[in-house]
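Here is how the chains run, residue by residue.
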Amino acid sequence: MAALAHLTGVVINTTASLPLGLYRTIDAPVVRGVYVKFCPPPSALFDEAARRGYLHAGFCPGGYLPLLKRVLAVPGDRVRVAPEGVRVNGQRVPFSKAMHVDGSGRSMPRYVQDRVLSVSELMLMSDISPVSFDARYFGPIDRSQVQSVIEPFYTWSTSTKTVTVTVT
């Protein structure tokens, strides 16, 4: 099923980083607010994230599966990553306070910075999940890592009493 989805441009999201559901690749510019699929760059930090189970095996360089995140900052934006959370152009990003340890009690990586993003940098994060492995831990990524812009077309949310389905 995953191979068929890939061939048709459908992306399946099963993580808390974005609303759960099905997304399709679209021909759209990479701008603040859009969802993207990107390959994490090969590095010791992402190798450790894969060992811990934050990333899954896939076909990106480094052997990782692509990640899905929202573009929260673009070149020219001032980004401040601090222990109390992330601010973009002075505005606090919801759910952006970094965890000190993961669910298994292991120390989380720290990325602390206050600077303007360069011409090729993007800050990719979840703005709906406090436990997403995202830029609050690994910092900005280069625009060249983005594979595509994606949009939801079938999503759902769950709670103990209801299931809500949205089809767009």
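Residues numbered from 1 in each chain as written. Predicted model: local features only at pLDDT ≥ 70, side-chain atom pairs only at ≥ 80, totals over all residues. Heavy atoms only, no water.

> It is not clear to me how helix α2 (residues 44-52) should be interpreted in this structure. Could you clarify?
Helical geometry note: an α-helix holds 3.6 residues per turn, so side chains three or four residues apart project in the same direction. Within the sequence span of α2, burial applies to F46, A49 and R52. Down the axis of α2, the buried side of the element spans an arc of 120 degrees, and every buried residue falls inside it. Exposed and facing more than 90 degrees away from the buried side of α2 are A44 and R51. Buried-residue contacts for α2 involve α3 (135-138). Backbone geometry just downstream of α2 places G53 in the positive-phi region, at approximately 90 degrees. (Buried < 20%, exposed > 50% of the residue type's maximum accessible area, 1.4 Å probe, protein only. Helix = DSSP H or I, 4+ residues; strand = E, 2+ residues; numbered from the N terminus. Arc of directions from axis to C-beta. Contact = heavy atoms within 4.5 Å.)

> What is the right way to look at the pairing of strand β9 (residues 121-125) in this model?
If a strand is regular, its side chains alternate between the two faces of the sheet. Among the 5 residues in β9, 5 count as buried, and that is most of the element. Side chains of β9 alternate between two faces, with E121, M123 and M125 and L122 and L124 buried alike. Bridge analysis of strand β4 (residues 67-73) against β9 gives 3 bridges, and the strand direction is antiparallel. By the bridge assignment, A73 is partnered in β9 with M123. (Pairing = 2+ DSSP bridges.)

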